[in-house]
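# Residue-level structure breakdown
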Amino acid sequence: MSDHDLALRPAAPGPVTADDLAEGVRLVTALLRAPAALAADWDRPAGTLEWTCWETAEHLADDLFAYAAQLGPQTPHADSDVPFVYRRTAPGKPANVVFAERDGGPAGVVQVLEACGALHVAMVRTAAPQARAHHVFGTVDAEGSAAMGLVELFVHAEDLALGLGLDWRAPAAVCARVLARLFPEAPAGADPWATLLWATGRGELPGRERVTRWRWQGAPRG
């Protein structure tokens, strides 16, 4: 981080909380329950992804379920996930544990997403301070898990909004807390939502090269 960025960076925005995660789940499910969303074609691509909107919503639900599950074991493996059976419906499709019944339509897949989000919120809210969860980017604590869930919610909501023809913008204050927790090297002084999109390879920031490869830093604080 440059001296210029350090000078611009405001005071620490505070920890990411279970309440933040619950608000993220509420906002994204409300977006996807809007009449325009439910009436749209969910077999269209989600933004620039190769997955359909339906597949992306299932993937998002699966992410939240998995993040909740990784917080469950009292003695988690440091180098592997809880060994659920993941499967793909076809090459190049998401590898999920969670799938939504197609007969339930868009309202059904949103309900699956909401349920998985509630599980993640509950696990973050009740996890002990020493709880740890495995992730391919590194072991995280409950706060890091909540921040990861919010990244998934917000950026995949962006993908879905583009695919379904919706307007979407994540809340700046929560984005700022997520950036401070997972992307501490992200430039300061810019809009937090635009910065989160930039940090995850989905947007541009003036004076910055576009991100093509990215990962977050989920290690517990301190």
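From a predicted model like this one, the values you see are computed outputs, not experimental measurements. (Residues numbered from 1 in each chain as written. Predicted model: local features only at pLDDT ≥ 70, side-chain atom pairs only at ≥ 80, totals over all residues. Heavy atoms only, no water.)

## Details of the side chain of Asp62
- Counting through the fold element by element, Asp62 comes out in helix H4 (residues 53-70).
- Salt bridges are absent for the buried Asp62, whose nearest opposite-charge side chain, Arg87, sits at 9.5 Å.
- Reaching out from Asp62, the side chain makes a polar contact with the backbone nitrogen of Val98 at a distance of 2.7 Å.
- Setting aside chain neighbours within four positions, we find Asp62 in contact with Tyr86, Ala95, Asn96, Val97 and Val98. (Helix = DSSP H or I, 4+ residues; strand = E, 2+ residues; numbered from the N terminus. Buried < 20%, exposed > 50% of the residue type's maximum accessible area, 1.4 Å probe, protein only. Lys, Arg positive; Asp, Glu negative; His and termini not counted. Salt bridge = Lys/Arg side-chain N within 4 Å of Asp/Glu carboxyl O. Polar contact = N/O pair within 3.5 Å; in protein donor to acceptor, adjacent residues only side chain to side chain. Contact = heavy atoms within 4.5 Å.)

## Quick word on H4
- The terminal C-alpha atoms of H4 lie 26 Å apart, and with 18 residues this matches the ideal 26 Å at 1.5 Å per residue to within 8%.
- The buried fraction of H4 is high, at 18 of 18 residues. (Expected span 1.5 Å × (residues − 1).)

## Focus: the environment of Ala69
- On the secondary structure map, Ala69 appears in helix H4.
- When its relative accessible area of 18% is taken as the criterion, Ala69 is described as buried.
- It is 9.6 Å that separates the C-alpha atoms of Ala69 and Phe84, two residues lying 15 residues apart in sequence.
- Residues contacting Ala69, with those up to four places away along its chain left out, are Val82 and Phe84.

## Here's the deal with the state of the cysteines
- Overall, the coordinates contain 0 disulfides when judged by the stated rule.
- In this structure Cys53 is a free cysteine whose sulfur lies 18 Å from that of Cys116, the closest cysteine sulfur available.
- On the accessibility criterion, Cys53 (0% relative accessible area) is buried.
- Overall, Cys116 belongs to the buried group, its relative accessible area being 6%. (Disulfide = S-S within 2.5 Å.)

## Regarding the packing of aromatic side chains
- Scanning the model with the defined rule gives 8 aromatic pairs in all.
- Judged by centre distance (5.2 Å) and plane angle (75°), the ring pair of Phe137 and Trp216 falls under edge-to-face. In this pair, Phe137 is assigned in the loop between helix H5 (105-126) and helix H6 (142-164) and Trp216 in the segment after helix H8 (192-199), connecting sequence segments 79 residues apart.
- The exposure class of Trp216 is buried, given its relative accessible area of 3%.
- Against the face of Phe99 rests Arg87, its NZ or CZ located 4.2 Å from the ring centre.
- A cation sits over an aromatic face here: Arg102 above Trp54, 4.1 Å from the ring centre. (Phe/Tyr/Trp six-rings, centres within 6.5 Å; stacked < 30°, edge-to-face > 60°. Lys NZ or Arg CZ within 6 Å of the ring centre and 35° of its normal.)

## A closer look at the layout of surface pockets
- There is about 730 Å³ of room inside the largest pocket.
- Considering the residues around the largest pocket, the lining is formed by 28 residues, among which Trp51, His59, Asp63, Glu152 and His156 are closest to the centre.
- Elements that contribute at least two residues to the lining of the largest pocket include exactly H4 and H6.
- Ranked by residues supplied to the lining of the largest pocket, first place goes to H6 with 7 residues. (1 Å grid on protein atoms, 1.4 Å probe; cavity = no way out; pocket = protein on both sides within 12 Å on 5 of 7 lines; lining within 4 Å. Points joined across faces, edges and corners; volume = space filled by probe spheres on them.)

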